[in-house]
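Chain by chain, the residues:
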Amino acid sequence: MEDKELNVVDHLEELRKRLIIVVAAFLIFFVAGFVFVEEIYNFFVRDLGVKLIVLGPSDIIWIYFMIASVIAIAATIPVLASQIWLFVKPALLPSERKITMSYIPALFILFIAGLCFGYFVIFPTVLNFLVELSGDMLETNFTAEKYFKFILNMTLPFGILFELPVVVMFLTSLGVINPYVLVKVRKYAYFILVVISVVISPPDFMSDILVTIPLLFLYEISINLSKIVYKKKLKKEKDWEAAMASDNENTV
């Protein structure tokens, strides 16, 4: 009983250590984002054509914090993934450690790819649609707060959703899910993805299609990648069982 308690304490201490590293990395990247916030701000408003306004002094600091937070989150993704890997590493087989290690850069790359897709494809499409919707009836002005909130809503969800293939591969390699389950729940997954697409896109058919197709495509990619990982996992388990059986025969 005491050994189990010590084991739990060790795990909690290890988890605490990993969390501290992740938080420290986030704070470092947050400070870096704060230092370069003016350059980042100029990048996001370079093609806007109008100058953003603020409604109060507190809005200015809010913009600083939001931009720095987004940069910190994006840069902390690989640190978070590496710390999760280091935490679960003792429970993995040597072959699983090698495979899962490759997921860390993939998480970061897909997150950035999702942000880029949201910013360069979805964001301008939705913004143009909403601006043109007003026509000559309204004069369009943007507050800095609402403009950057809008960018965040159009990009961050895609950064997260684009990590679906890597997450599926990782869970498949650990035996948590398999491609047959993903195929079985495909229609429910499609429904959820369509709902997400309709919610985050403007209320017109073309925008819904523009958002829905990449998400469905990501799910199909996830299924195929899961099949590859699952087949390799089964083969390695079969080879390991054969090796163990051969060792037992030699021992006898």
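Just above, that's the structure.
Just so it is clear, the structure is predicted and the values come from calculations on it, not from any experiment.

Draft legend 1. Just the overall build of the protein chain, in detail. Broken down by element type, the protein chain carries 10 helices and zero strands. Along the protein chain, helices and strands appear, N-terminal first, in the series α-α-α-α-α-α-α-α-α-α. The burial tally for the protein chain puts 35% of its 252 residues in the buried class. Of the roughly 16,000 Å² of accessible surface on the protein chain, 71% is carried by carbon and sulfur atoms.

Draft legend 2. Expanded view of the packing of helix α5 (residues 103-134) against helix α7 (residues 164-173). As a packed pair, α5 and α7 sit with axes 10 Å apart at the nearest point and diverge in direction by 155°. In this view, α5 runs roughly antiparallel relative to α7, as classed from their interaxial angle. Relative to α7, α5 is oriented so that their crossing is left-handed. Counting all contacts with α5, which are made through Y103, A106, L107 and L110, the residues of α7 involved are V166, M169, F170 and S173.

Draft legend 3. Here's a closer look at the pattern of salt bridges. One pass over the full model with this rule turns up four salt bridges. R16 is paired through a salt bridge with E13; the nearest N and O atoms lie 3.2 Å apart. With R16 and E13 both in helix α1 (residues 2-35), this residue pair falls three residues apart, about one helical turn. For E13, a relative accessible area of 45% puts it in the partly exposed group. A salt bridge links R186 to E220; the nearest nitrogen and oxygen atoms lie 3.0 Å apart. A residue pair is termed long-range when its members are at least 10 positions apart, and R186 in helix α9 (residues 186-200) and E220 in helix α10 (residues 205-251) qualify at 34 residues. Of the residues examined, R186 reaches a relative accessible area of 26% and is grouped as partly exposed. With a relative accessible area of 23%, E220 lands in the partly exposed category.

Draft legend 4. Inspection of the side chain of S222 at higher detail. Relative to the elements of secondary structure, S222 occurs in helix α10. If we skip the residues at most four places from it in the chain, S222 touches L164, P165, V168 and L182.

Draft legend 5. Local environment of the packing of aromatic side chains. For the coordinates displayed, the defined rule picks out 20 aromatic pairs. A centroid spacing of 6.1 Å and a plane angle of 90° characterise the contact between F44 and F148, whose relative ring orientation is edge-to-face. With a gap of 104 residues between them, F44 in helix α2 (residues 37-44) and F148 in helix α6 (residues 144-161) connect regions that are remote in the sequence. Here F148 falls in the buried class, since its relative accessible area comes to 1%. Consider the rings of Y190 and Y219, whose centres lie 6.1 Å apart with planes at 75°: the pair is edge-to-face. On the criterion of sequence distance, the pair formed by Y190 in helix α9 and Y219 in helix α10 is long-range, its members being 29 residues apart. Overall, the relative accessible area of 7% leaves Y219 in the buried class. In this structure an aromatic cluster arises from ring pairing among Y41, F43, F44, Y119, F120, F123, F142, Y147, F148 and F150. If you follow R46 out to its NZ or CZ, it ends over the ring of F43, 4.2 Å from the centre.

Draft legend 6. The arrangement of the nonpolar core in detail. In terms of nonpolar packing, the biggest core is built from 35 residues, with L52, I122, F123, Y147, F148, F158 and L215 touching the most fellow members. Put simply, the parts of the chain that give this core at least two residues each are α2, α3 (57-88), α5, α6, α9 and α10. If we ignore the near neighbours within four places in the chain, the residues touching I122 are F117, M154, F158, L210 and V211.

Draft legend 7. Region of the structure containing the side chain of R18. Residue position: R18 is located in helix α1. At 2.5 Å, the side chain of R18 forms a polar contact with the side chain of E14. At 3.0 Å, the side chain of R18 forms a polar contact with the side chain of Q83.

Draft legend 8. Region of the structure containing the environment of L234. Position of L234 among the secondary structure elements: in helix α10. Assessed through its relative accessible area of 40%, L234 is described here as partly exposed. Taking the C-alpha atoms as reference points, L234 and S173, 61 residues apart in sequence, are found 9.8 Å from one another.

Draft legend 9. Molecular detail of the packing of α2 against α3. Their axes nearest at 10 Å, the elements α2 and α3 cross at an angle of 90°. Regarding the angle of α2 to α3, the classification is roughly perpendicular. In contact with V37, I40 and Y41 of α2, α3 contributes I63, Y64, I67 and I71.

What counts, and at which threshold
- Residues numbered from 1 in each chain as written.
- Predicted model: local features only at pLDDT ≥ 70, side-chain atom pairs only at ≥ 80, totals over all residues.
- Heavy atoms only, no water.
- Helix = DSSP H or I, 4+ residues; strand = E, 2+ residues; numbered from the N terminus.
- Buried < 20%, exposed > 50% of the residue type's maximum accessible area, 1.4 Å probe, protein only.
- Areas by Shrake-Rupley, 256 points an atom, 1.4 Å probe, with all protein chains shown as cover.
- Axes fitted to C-alpha atoms, helices over the stretch in contact; angles between N-to-C directions.
- Parallel < 35°, antiparallel > 145°, perpendicular 65-115°, else oblique.
- Left-handed = near helix turned anticlockwise from the far one by under 90°.
- Contact = heavy atoms within 4.5 Å.
- Salt bridge = Lys/Arg side-chain N within 4 Å of Asp/Glu carboxyl O.
- Phe/Tyr/Trp six-rings, centres within 6.5 Å; stacked < 30°, edge-to-face > 60°.
- Lys NZ or Arg CZ within 6 Å of the ring centre and 35° of its normal.
- Core = buried A, V, L, I, M, F, W, Y, C linked by side-chain atoms within 4.5 Å.
- Polar contact = N/O pair within 3.5 Å; in protein donor to acceptor, adjacent residues only side chain to side chain.

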